[in-house]
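So the chains spell out like this:
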Amino acid sequence: MFPAVFRLSTTGARTLATRFRPGHTAPLASRCYSHAKVETDEEFDARWVTYFNKPDIDTWELKKGMNTLIGYDLVPEAKILDSALRACRRLNDLASAIRILEAVKDKAGPHKDIYPYLLQELKPTLAELGISTPEELGIDKI
Amino acid sequence: MSLPKPVMRGLLGRRLRFHLPIAFALSIVAAAAFKYTVTEPRKQAYADFYKQYDAVKEFNAMREAGIFESVRPSGE
């Protein structure tokens, strides 16, 4: 029974791969039949960095941006998070800054190597802006 | 020691692409197993029972047992 299951799953995976191919280019739904231009990862990242870099961003836009970003099938890049944390700094919103770190850890799900990597990349920013991680504050445990 | 950059995109898509075919396959197998171990034997059991069923004989047995109101046992 199990060999049959694996045979089925690989053929299934191949047909499913052609059906939903968000692929390595965009986390947003992109079907093979659309003529829309597919956004590259770099364009996506740049767009979000620009979004959070707005000098007079307001709290609503920050929260809306973060919520939208968390809805995608990806963990945001360090540069996007850096931009978002700086936006929190401009808005004097330490709570949101720490929440962003918690959200990112949650987004990684079972992939435990992502969060330490992001903390490593964001260490200078966290030091500069004076943001503690949830682990340092002891709020990462239930 | 600096950590290498992990894959951060498309993780859910990858998981679904792997697990959904398995889930569908296992569900179909479970349904097939139930069909052929439960429902088909049951249907066969009913068919076998009714193949040689004599309704009149059964009716008379019930009548003699006295369970009907519309028709009494043949003795009364």
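This structure is a prediction, so every number in the text was calculated from the model and none was measured.

## Quick look at the overall build of chain A
For step 1, the next point in the chain: A tally of regular secondary structure across chain A gives seven helices and zero strands.
For step 2, the next point in the chain: Starting at the N terminus, the α and β elements of chain A follow one another as α-α-α-α-α-α-α.
For step 3, the next point in the chain: For chain A, the residues scored as buried account for 39% of the 142 residues in total.
For step 4, the next point in the chain: Considering only intrachain contacts with a sequence separation of at least 6, the fraction spanning at least 24 residues in chain A is 59%.
For step 5, the next point in the chain: When the accessible surface of chain A is split by element, carbon and sulfur atoms take 60% of a total near 8700 Å².

## What about the side chain of aspartate 93 of chain A?
For step 1, the next point in the chain: In this structure, aspartate 93 of chain A sits in the loop between helix H4 (78–90) and helix H5 (94–108).
For step 2, the next point in the chain: One buried charge, aspartate 93 of chain A, has no salt-bridge partner; the nearest side chain with opposite charge is lysine 63 of chain A, at 4.5 Å.

## Describing the confidence of the model for chain B
Detailed conclusions should not be drawn from predicted coordinates in areas where pLDDT is low.
For step 1, the next point in the chain: Predicted confidence across chain B gives a mean pLDDT of 96, with 100% of residues reaching 70 or more.
For step 2, the next point in the chain: In the predicted assembly, ipTM is 0.70 and pTM is 0.73.

## As for helix H1 (residues 11–51) of chain B
All names here are of chain B.
For step 1, the next point in the chain: For H1, spanning 41 residues, the distance from its first C-alpha to its last is 58 Å, which sits close to the expected 60 Å at 1.5 Å a residue.
For step 2, the next point in the chain: Lysine 35 marks where H1 bends most, by close to 35 degrees.
For step 3, the next point in the chain: Along H1, the residues that are buried comprise Leu11, Gly13, Pro21, Ile22, Ala25 and Val38.

## Observations concerning the nonpolar core
For step 1, the next point in the chain: Core analysis: the largest hydrophobic core is formed by 34 residues, its most contacted members being Phe52, Leu69, Val75, Leu85, Leu118 and Ile131 of chain A.
For step 2, the next point in the chain: Where this core is concerned, the elements lending two or more residues are helix H2 (41–53), helix H3 (59–70), H4, H5 and helix H6 (114–129) of chain A.

## Some thoughts on unusual backbone geometry
Residues and elements named next belong to chain A.
For step 1, the next point in the chain: Unlike most non-glycine residues, asparagine 92 shows phi in positive territory, near 55 degrees.
For step 2, the next point in the chain: Tracing the sequence through the fold places asparagine 92 in the loop between H4 and H5.
For step 3, the next point in the chain: Look at asparagine 92 and you get exposed, because its relative accessible area is 60%.

## So, the packing of aromatic side chains
Centre-to-centre distance and the angle between the planes together describe a pair of aromatic rings.
Residue and element names in this part refer to chain A.
For step 1, the next point in the chain: Evaluation of the coordinates by the stated rule reveals nine aromatic pairs over all chains.
For step 2, the next point in the chain: Between phenylalanine 44 and tyrosine 72, the ring centres sit 5.3 Å apart and the planes meet at 70 degrees, which makes this aromatic pair edge-to-face. Here tyrosine 72 lies in the loop between H3 and H4 and phenylalanine 44 lies in helix H2, a separation of 28 residues in the sequence. A single burial state applies to phenylalanine 44 and to tyrosine 72, both of which are buried.
For step 3, the next point in the chain: For the ring pair tryptophan 48 and tyrosine 72, a centre distance of 6.1 Å and an interplane angle of 70 degrees mean the geometry is edge-to-face. Residue tryptophan 48 is located in helix H2, and its partner tyrosine 72 is located in the loop between H3 and H4; the two are separated by 24 residues in the primary sequence.

## A short note on the confidence of the model for chain A
For step 1, the next point in the chain: Looking at chain A, pLDDT values average 85 and 77% of them are 70 or higher.
For step 2, the next point in the chain: Taken as a whole, residues 1–25 of chain A scores under 50 in pLDDT and shows 26 contacts with residues more than four places along the chain or in a different chain.

## Here's the deal with the packing of H3 of chain A against H4 of chain A
All names here are of chain A.
For step 1, the next point in the chain: Relative orientation of the contacting elements H3 and H4 amounts to 155 degrees, with a least axis distance of 11 Å. Relative to H4, the element H3 is oriented roughly antiparallel. H3 and H4 meet at a crossing whose hand is left-handed. Residues Leu62, Met66 and Leu69 of H3 touch H4, and the partners they reach there are Ile80, Ala84, Ala87 and Cys88.
For step 2, the next point in the chain: Considering only residue class, the contact of H3 with H4 consists of seven nonpolar, no polar and no charged.

## So, the pattern of salt bridges
For step 1, the next point in the chain: Scanning the model with the defined rule gives 17 salt bridges over all chains in all.
For step 2, the next point in the chain: A salt bridge links lysine 37 of chain A to glutamate 43 of chain A; its shortest N-O distance comes to 3.8 Å.
For step 3, the next point in the chain: With relative accessibility at 72%, the residue lysine 37 of chain A sits in the exposed group.
For step 4, the next point in the chain: Since its relative accessible area comes to 35%, glutamate 43 of chain A is described here as partly exposed.
For step 5, the next point in the chain: For lysine 54 of chain A, the salt bridge goes to aspartate 56 of chain A, with nearest N and O atoms at 3.9 Å.
For step 6, the next point in the chain: Overall, aspartate 56 of chain A belongs to the exposed group, its relative accessible area being 57%.
For step 7, the next point in the chain: The structure contains a network of salt bridges with shared partners spanning Asp41, Asp45, Glu77 and Lys79 of chain A together with Lys5 and Arg9 of chain B.

Criteria and cut-off values
Residues numbered from 1 in each chain as written. Chains lettered and ligands numbered in written order. Predicted model: local features only at pLDDT ≥ 70, side-chain atom pairs only at ≥ 80, totals over all residues. Heavy atoms only, no water. Helix = DSSP H or I, 4+ residues; strand = E, 2+ residues; numbered from the N terminus. Buried < 20%, exposed > 50% of the residue type's maximum accessible area, 1.4 Å probe, protein only. Contact = heavy atoms within 4.5 Å. Areas by Shrake-Rupley, 256 points an atom, 1.4 Å probe, with all protein chains shown as cover. Lys, Arg positive; Asp, Glu negative; His and termini not counted. Salt bridge = Lys/Arg side-chain N within 4 Å of Asp/Glu carboxyl O. pLDDT = per-residue confidence, 0-100. Expected span 1.5 Å × (residues − 1). Bend = angle between axes of the 7 residues up to and from the residue. Core = buried A, V, L, I, M, F, W, Y, C linked by side-chain atoms within 4.5 Å. Phe/Tyr/Trp six-rings, centres within 6.5 Å; stacked < 30°, edge-to-face > 60°. Axes fitted to C-alpha atoms, helices over the stretch in contact; angles between N-to-C directions. Parallel < 35°, antiparallel > 145°, perpendicular 65-115°, else oblique. Left-handed = near helix turned anticlockwise from the far one by under 90°. Nonpolar A, V, L, I, M, F, W, Y, C, P; charged D, E, K, R; others polar.

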